[in-house]
Amino acid sequence: MSKKEKLVKRFLSRPTDFTFDELATLLKSLGYLKETAGKTSGSRVTFSNQEGDYIRLHKPHPRNILKMYQIDDITANLKEKEKI
């Protein structure tokens, strides 16, 4: 099993400790790039791919752990686009 497959499997298991950095790695492996606006993009983050799909979320703080609703929303978005 590749690292990408392991990360997708972990993400789909809805872990309570999935980090923003892990999400960024997962989305990058699925063809999404993190967009930045200006010098600092603040807490709002957008990931986009070549097909014009967007995933927008607030970067978690003060901890780097994603909220469960974020995981659920992103999972639904990726399944709808048939990425996972």
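Note that the structure is a prediction, hence the values are computed from the model and not measured.

Okay, the packing of helix α1 (residues 3-12) against helix α2 (residues 20-29) next. One way to put it is that α1 packs onto α2 with a least axis distance of 10 Å and a crossing angle of 125°. The angle between the axes of α1 and α2 places the two elements in the oblique class. Of the two elements, α1 crosses α2, and the hand of that crossing is left-handed. Note on element contacts: α2 touches α1 through Glu 22, Leu 23, Thr 25, Leu 26 and Ser 29, opposite Lys 4, Leu 7, Val 8, Arg 10 and Phe 11.

This paragraph deals with α1. Taken as a whole, α1 has its buried residues at Leu 7, Val 8 and Phe 11. With its buried residues spanning 100° around the axis, α1 presents them on a single face. Exposed residues lying more than 90 degrees from the buried face of α1 are Lys 6 and Lys 9. Where α1 is buried, its residues touch α2 and α3 (68-80). Positive phi shows up at Arg 14, right after α1, with a value of about 55°.

Geometrically, a pair of aromatic rings is defined through the distance of the ring centres and the angle of the planes. Tallied over the full model, the rule gives two aromatic pairs. When the centroid spacing of 6.1 Å and the interplanar angle of 45° are considered together, the rings of Phe 20 and Phe 47 count as tilted. Placement of the pair is Phe 20 in helix α2 and Phe 47 in strand β2 (residues 44-48), with a sequence separation of 27 residues. The exposure class of Phe 20 is buried, given its relative accessible area of 2%. Owing to a relative accessible area of 2%, Phe 47 belongs among the buried residues under this scheme. When the ring centre of Tyr 54 is taken as origin, the NZ or CZ atom of Arg 56, which lies over that ring, is 4.8 Å away.

About the criteria used
Residues numbered from 1 in each chain as written. Predicted model: local features only at pLDDT ≥ 70, side-chain atom pairs only at ≥ 80, totals over all residues. Heavy atoms only, no water. Axes fitted to C-alpha atoms, helices over the stretch in contact; angles between N-to-C directions. Helix = DSSP H or I, 4+ residues; strand = E, 2+ residues; numbered from the N terminus. Parallel < 35°, antiparallel > 145°, perpendicular 65-115°, else oblique. Left-handed = near helix turned anticlockwise from the far one by under 90°. Contact = heavy atoms within 4.5 Å. Buried < 20%, exposed > 50% of the residue type's maximum accessible area, 1.4 Å probe, protein only. Arc of directions from axis to C-beta. Phe/Tyr/Trp six-rings, centres within 6.5 Å; stacked < 30°, edge-to-face > 60°. Lys NZ or Arg CZ within 6 Å of the ring centre and 35° of its normal.

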